[in-house]
Amino acid sequence: MLYAIIAEDRAGSLDARLATRPAHLERLHALQADGRLFVAGPCPAIDSPDPGPAGFSGSLIIAEFISLDAARAWADADPYLAAGVYEKVVVKPFKKALPA
């Protein structure tokens, strides 16, 4: 089943985000290699694809896991969480409706 991982960045965490990005991406690439990653990306803090020093307000990941507990465990092990980038992380089941 698909699960949405919705994370909110802590204010002032851009430097930690940039420093931790390679480890964060490594885990996402592993999900992609397993064919389990549906979509992933950051949410710019301003209306721009390159927010520069404004940074990001959070991230969205939608991926396949065997259970909600497994999705939560994966999210809890994210390097961004350990580095203090994420202030809040919500994990919930996701059902794709469109496009069909």
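Anyway, here's the lowdown on the structure attached to this text. Because the structure is a prediction, the values reported are computed rather than measured.

## Let's talk about helix 2 (residues 68-76)
Those residues of helix 2 lying buried are Ala71, Trp74 and Ala75. One face of helix 2 carries all of its buried residues, which in axial projection span an arc of 100°. Projecting away from the buried face of helix 2 at angles above 90 degrees are the exposed residues Asp69 and Asp76. Of the surrounding secondary structure, the elements contacted by the buried residues of helix 2 are strand 1 (2-9), helix 1 (14-33), strand 3 (56-64), helix 3 (79-82) and strand 4 (86-94).

## With respect to the pattern of salt bridges
One side chain can pair with another of opposite charge once the charged atoms of both are near each other. The final tally for this structure, using the stated rule, is four salt bridges. Between Asp9 and Arg17 there is a salt bridge whose closest N-O contact spans 2.9 Å. Of the two residues, Asp9 and Arg17, neither departs from the other in class, the shared state being buried.

## Side note on helix 1
Its 20 residues give helix 1 an end-to-end C-alpha distance of 27 Å, which sits within 8% of 28 Å, the value for a rise of 1.5 Å per residue. Taking the largest bend as the criterion, helix 1 deviates by roughly 55°, centred on Thr20, and proline Pro22 comes between one and four positions later. Lining the buried residues of helix 1 we find strand 1, strand 2 (37-44), strand 3, helix 2, helix 3 and strand 4. Where helix 1 terminates, the next one or two residues include Gly35, which has phi positive at roughly 75°.

The rules behind the values
What you see as residue numbers is a count from 1 along each chain, following the sequence as written. Per-residue local features are limited, in this predicted model, to residues with pLDDT of at least 70; the limit for side-chain atom pairs, both in listing and counting, is 80 or more; totals at the level of whole chains, interfaces and linings are taken over all residues. To obtain the side-chain values, all non-hydrogen atoms of the structure were included, while hydrogens and water were left out. Each residue's exposure class comes from its accessible area (1.4 Å probe, protein chains only) as a fraction of the maximum for that residue type: buried when under 20%, exposed when over 50%, partly exposed otherwise. Under the DSSP-based scheme used, a helix requires at least four consecutive residues in state H or I and a strand at least two consecutive residues in state E, with every element numbered from the N terminus. Think of it as the arc spanned by the lines of direction from the helix axis to the C-beta atoms. Residue contacts are defined here by distance: any two heavy atoms, one from each residue, within 4.5 Å place the two residues in contact. For this analysis, a salt bridge means a side-chain nitrogen from Lys or Arg found within 4 Å of a carboxyl oxygen belonging to Asp or Glu. A helix is expected to span 1.5 Å for every residue after the first. Fitting axes to the seven residues ending at a residue and to the seven starting there, one defines the bend at that residue as the angle between these axes.

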